[in-house]
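One letter stands for each residue in the lines below.
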Amino acid sequence: MPPPKTKRFRRRTLRQILGGVRRRARRAAGTVRRVWRRSLQLQVVTSTLVISVTVVVVLGVFLSDQINKSVITGRQDAAAGEAFADRVQIADALNQELDDQAKPASGKNAPADPLDAVMETITGSGDDGSKKRYEVLVLNPASPGRSRASGNVMPANVPEPLQQWLHRQVEKIPNDKPYLHKAYIKFTGESQSRLTLVIGGLVSVDGGATYEVYHFFPFSEEEQMLSNVRLAIVVVGFGLVLLLAAIASLVTRQVVSPVRLARQAAERLASGKLDERLRVRGEDDLARLAASFNEMAGNLALKIHQLEELSQVQRQFVSDVSHELRTPLTTVRMAADLLYDAREDFEPMAARSAELMQAQLERFESMLADLLEISRYDAGAATLDLDSVDVRDVVLRAIGDSEALAERHNTRFELRLPNEPCMAEVDNRRVERILRNLLFNAIEHGEGKDVVVTVGADRDAVAVAVRDHGIGLKPGEETLVFDRFWRADPSRARTIGGTGLGLAISREDATLHGGWLQAWGQPGEGTQFRLTLPRDAGADLKGSPLPLVPPEIEMRRTWRGQMTPVLLPATGDGAGHDED
Amino acid sequence: MTRTSRLGAALVLAAAVACGGAGCAVIPVGGPFPVEEAGGGDLSKPFQRMIAVSPRNDWNAQQVVQGLQAAMAAYADDPEVLPEYLTGEAAKTWQPDGPVTVLGNSPKYEYVGKGDGKEVRIRLTGTPVARIEDDDTYVPISGAQPQRIDFLLLQNEEGAYRVTSMEGGSGLLLTQDDVSRAYRPTSLYYLAGPPGVADPATDRRLVADRVRLRVKPTENFAETIVRRLLQGPSRALSGAVGSVFPQGLSVRSVRSADDRVVVNLSGPIDAGGVFADGLKAQLKWSLNANNVANGRIIEVQLDGEPFFSSEALTIPAILREEWLDNDVRPAYYTSKGAVHSLNDDGAGNAVQGPAGQPGEIYTKLAMAGGGDLIAGKHQKDGGIWVTRVAPDGRWEQWIPGDDLTAPSWHRDGTLWTYDKAAGVVLRCDVTAGRGPERVAAPGLDNLDVTRLRIARDGVRVAVTIGENQVMIGAITSGAGATMLGNFQTLTTVKDEEIRDIAWRDGERLLVLVQSNAVQSVREINIGDGETTQLPTGNKGLKSLTALSDRVLAATQDGGEVLEFKRESQAWTSKVESDADNPLFPLG
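What counts and what doesn't
- Residues numbered from 1 in each chain as written.
- Chains lettered and ligands numbered in written order.
- Predicted model: local features only at pLDDT ≥ 70, side-chain atom pairs only at ≥ 80, totals over all residues.
- Helix = DSSP H or I, 4+ residues; strand = E, 2+ residues; numbered from the N terminus.
- Buried ≥ 20, exposed ≤ 12 C-beta atoms within 10 Å, placed from the backbone.
- Contact = placed C-beta atoms within 7 Å.
- Axes fitted to C-alpha atoms, helices over the stretch in contact; angles between N-to-C directions.
- Parallel < 35°, antiparallel > 145°, perpendicular 65-115°, else oblique.
- Left-handed = near helix turned anticlockwise from the far one by under 90°.
- pLDDT = per-residue confidence, 0-100.
- Expected span 1.5 Å × (residues − 1).
- Nonpolar A, V, L, I, M, F, W, Y, C, P; charged D, E, K, R; others polar.
- Pairing = 2+ DSSP bridges.
- Core = buried A, V, L, I, M, F, W, Y, C linked by C-beta atoms within 7 Å.

(A) Quick peek at the overall build of chain B. When you go through chain B residue by residue, the secondary structure sums to 6 helices and 41 strands. Out of the 587 residues belonging to chain B, those deemed buried represent 43%. Taking the intrachain contacts of chain B between residues at least 6 apart in sequence as the baseline, contacts between residues at least 24 apart amount to 54%.

(B) Molecular detail of the overall build of chain A. Each helix and strand in chain A was counted, giving 12 helices and 12 strands. Burial status across chain A gives 25% buried among its 580 residues. Contacts spanning at least 24 positions in sequence make up 68% of the contacts within chain A whose residues lie at least 6 apart.

(C) Structural view of the packing of helix α5 (residues 221–231) of chain B against helix α6 (residues 276–288) of chain B. Residue and element names in this part refer to chain B. Packing of α5 against α6 brings their axes to within 10 Å, and their N-to-C directions diverge by 135°. Judged by the angle between their axes, α5 and α6 are oblique. In the packing of α5 onto α6, the handedness of the crossing is right-handed. Between α5, through A222, I225 and L229, and α6, the contact on the second element is made entirely by Q282, S286 and L287.

(D) Main features of the environment of A:G502. Residues and elements named next belong to chain A. Secondary-structure assignment places G502 in helix α11 (residues 502–512). Given 20 C-beta atoms within a 10 Å radius, G502 is considered buried. Measuring from C-alpha to C-alpha, the distance between G502 and N437 comes to 6.1 Å, with 65 residues separating the pair along the chain.

(E) Expanded view of the confidence of the model for chain A. All names here are of chain A. Looking at chain A, the pLDDT average stands at 83 and 89% of residues meet or exceed 70. Confidence over residues 1–9 falls short of pLDDT 50; this stretch has 0 contacts with residues more than four positions distant or in other chains. Below pLDDT 50 for its whole length, residues 102–111 participates in 6 contacts with residues either more than four positions away or in separate chains.

(F) View of helix α7 (residues 348–378) of chain A. All names here are of chain A. Its 31 residues place the ends of α7 44 Å apart at the C-alpha level, agreeing with the 45 Å of an ideal helix rising 1.5 Å per residue. When α7 is considered as a whole, its buried residues turn out to be A354, L371, I374 and S375. Where α7 is buried, its residues meet α6 (285–341) and α11. Residue G380 follows α7 closely and has a positive phi angle near 70°.

(G) Broad picture of the interface of chain B and chain A. Between chain B and chain A, the contact holds 24 residues from the first and 27 residues from the second. Those elements that place two or more of their residues in the side of chain B that touches chain A are β1 (48–50), α2 (61–73) and α4 (176–182) of chain B. Considering each element in turn, the side of chain B that touches chain A owes the most residues, 5 residues, to α2(B). Of the residues in the side of chain B that touches chain A, the class split is 7 nonpolar, 10 polar and 7 charged. Sheet topology note: the strand β2 (residues 148–150) of chain A/β1(B) ladder contains 3 bridges and is antiparallel. Paired with A:S150 across the bridge in β1(B) is B:Q48.

(H) A look at the sheet that holds strand β10 (residues 183–192) of chain B. Residues and elements named next belong to chain B. Spatially, 3 strands are ordered β11-β10-β12 in an open sheet, and the strand pairing comes out antiparallel. In this open sheet, the two strands that pair with only one neighbour each are β11 (206–214) and β12 (241–242). Both β10 and β12 contribute to a ladder of 2 bridges, which runs antiparallel. Across the sheet, residue L191 finds its bridge partner in β12, namely G242.

(I) Fine view of the pairing of strand β37 (residues 541–547) of chain B. For β37(B), a buried count of 7 out of 7 residues is recorded, marking the element as mostly surrounded by other parts of the structure. What sits between the antiparallel neighbours β37(B) and strand β38 (residues 550–555) of chain B is a turn of 2 residues, in which B:S548 has the positive phi angle 55°.

(J) Spatial organisation of the nonpolar core. Counting residues in each nonpolar core, the largest one holds 187 residues, and the members touching the most others are B:A71, B:L206 and B:L510. Examining the composition of this core, we find that 8 residues originate from one element, α2(B), more than from any other. Apart from the residues lying within four places of it in its own chain, the contact partners of B:L510 are B:I501, B:A502, B:R504, B:V521, B:E523, B:L544, B:A546 and B:V551. Within the second largest apolar cluster, 45 residues are counted, among which are A:A442, A:V462, A:V464 and A:W516.

(K) Quick look at the sheet that holds strand β24 (residues 396–399) of chain B. All names here are of chain B. Read from one edge to the other, the open sheet built from 4 strands follows the order β21-β22-β23-β24, with strand pairing classed as antiparallel. Bordering the open sheet on either side are β21 (362–367) and β24, each of which pairs with just one other strand. Mean inter-strand twist for the sheet, computed between neighbouring axes without regard to direction, equals 35°. Relative to strand β22 (residues 373–378), β21 runs antiparallel, the two sharing 4 bridges. Residue pairing in the sheet places Y362 in a bridge with H378 of β22.

(L) Examining the pairing of strand β33 (residues 497–503) of chain B more closely. Residues and elements named next belong to chain B. Most of β33 is tucked away: 5 of the 7 residues are buried. Bridge analysis of β33 against strand β34 (residues 508–514) gives 6 bridges, and the strand direction is antiparallel. Across the sheet, residue D500 finds its bridge partner in β34, namely L512. Joining the antiparallel neighbours β33 and β34 is a turn of 4 residues.

Encoded structure:
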């Protein structure tokens, strides 16, 4: 069914896109976070920006509010004053009208309507009147022909709430108060509404009639002015924030630049360039910092030099001692061999002593050999004798060497070798020594159970894992096993007679190849050592073809769906790159 | 100087700069600086309007009629309220068309018959004072009898009264207050001469047309003026004046912009072929005469674009050319039949030629526009004789006749008179080589025309009928031929006698009226009949002449020539003896 397929395809694509976006966003966020963490200048500028924006916003709002209040209040007061004066005039005129009406009508020459007269005065529509900046609406819906307006104001322009409020006030006369209302009003004949202040008040005439008087004051100019002020505040605030940020950036730069130089110098110092020094300019704090730094670097270099010398002396001492011990040892060995060969002629006590001496001499010899090897490493004299070999052959040779020991321990080997050759550029002797060490180790600690040897390879690397099912390692011991003369249980005797340097040498061998030697172990689950070597000696390793944790353990973990105790990386080097 | 004292000095300096520069003065003082001229000025004057309110159910019948009248006053602004006062059927049939009747203020409302019940009749009694015609002409009615208008009201289901019919009146009824509130007397200016032949080369004159325009709340008054100007002249001037604005032209807006007033027109006008000077004059005078856009540049646009495709049409704030003929001209008077000039300080010299010779043969003298010809009526043969004001001039008979009215010069050089015997208007155009010929004047048929005066604008004509009526007409061109038409009564006097008339300018006519004991000089605006009374003093006046602000009169018996002083509102003597018949050229 093609359509669902397409659909699924599309959905997956979308998900992929989303995933890609998320990944990119996460990466970008990571970059930003990293840049943020690393740049003091950025942190200071950002903090300044945040603080100054906050201050400017608060100040701007406060300022704008104050200006608004003072302008609008002033205008409203003026408007209320004008409206009040007009209402007084209207009230006066209308009460006058009542008096006039009380008089006998004077026929044809009746005076013009006082309402008209007062409206003329108020609106400036008389002959000598001038235009007022507001419009007036006098409304008396209860009497015919008693409503007037100036300009284009219509009764419909009065805001509904204001009118309702005034209507409610009618009963309260004379304790009424004028009310104001601000609204956007669209007057007749105008295309858009204007902000207008409407003041509504009541004028009551002695005769009982009540006039609603509305004043319409245009607020467009004030609105325009305030919006200009607000714009100015925003622009100035923005400028101020930018200025502050620039200042902060400049100041920080002045401080941070020397600090950055100091950091770079420290880094170079840390990377071993002990003659790195800062330039001292002036007498300020930063100059003093530079001077102190230089002094510190000088002292440090001196100390390191002394320590190096001391270490050199020690190493030389060990090497010399080892060499010096070999000559008498050879003599002692020859004598011991004679004694050992003739042991059957001795008394049982003497024969046993000869055997013991022989065994301990062998151990002594191998220990001396290991010490010499280690001192070669310490002296940096170890070199690789590279050769392209099939690692499977090396493994098989190492197993062949270990078979006698395995038999003694009733241990069987289980080999898991790939079918293809696993070619790598390695020092045959050293790798074989590593594997032998690992196998001996596995046999010794395997408690007679099977030892699994797995070989794996990928494009860049080959790996060999040696797994035993012995008592395993306690947490934290994965790194300790590579220490010189380290012993899991000091009370436990060495059955094979290891020197305590085997794994340390193996580790050095692996490192010399640019490879990793890592250990995994869990109490009761056994131990696994994994040797990973680049196919080209010295190339950087990105990962290992074999997992460090045995697959069955990993699977069991997944099945249980529970977290295992945190596994510490097996070693410092390479652990971080382990992508398993 | 130590470091601390240096720091202190810097701080003091900074504080001084901050205080002096900004802190102390909120508004900085100083100057003088050039100022941008604010383009203020409104295109309309403030005005107030009647607001119509809806009828209330608790109103009595009289209040409903009063409310209806108020709604009529507000009808043009808010036509939706008025029908609420009428019953459903009446609302369907009622028409607001036709002339607006203007009643005197405070009309009376009274019940005719019962004051309550289902059907009530309210009588409105008021004195009609004027009529506003469809063409916005304001026609005053003087001395009319009070008009009675009966309103029949019916009570509806809710018990509220609504008007069902109006008897004795039609259209809108407004009071004088309503009119003065909502209407503005407005002068519009058109080109002199019959429409369609406006020739830029000949007569660059404007004629005022006085109308009452309703102030519209939705547009400025300048726009109202221009809109009305585009509609063409009122009936009094139809066929007599022309306009550069063709039919169908409309105004989009008139607005203030910086230093100018922008008139935006729209419609079919040939921008290239238009008589631009006429357009400028018409617009400028029509706006400025009504106190709109005074002293401001007027820019005319067509559909929002410059009027001429290449450049804008602007009318300068001050137009040098005088389009209204109100120039200062010398005054003359006759002394013992000889025409003398009238100087500022009194009597002047006699004019050259036979007119300056003493003799009582020619009376009712009139001087042509150029001051080079004087016409007079021959005492004996009754004909009109004319002489040039020159040493070699001599009297020649231009129009023979026994019973002619005083001659009147037209500004184009023709001489007009009315032959009372034949009942015809005569015109003599000597420059064109034509003798006296009849001019049709259908409006004057069978009327006793006693005076005929042609205004200085060359269009308006004033005639007196008998001794108690003044009519105003215009020289029109009907069917290609010149004729006098559009006659309307300007004023009628009762128990009084009209002694003389004189044109002051194109809009105002002076009428000398004599009642039994009292004389009065009335200045009547021929457009809307607005009358101003001039004081007469105790010397009886015989004849009048006027030119713009100067008014001269001859006394009845003293042989004096008086001049009216506007400042003191009194007549002062210019020539104290042997003076008669003061005259200005034309008029």
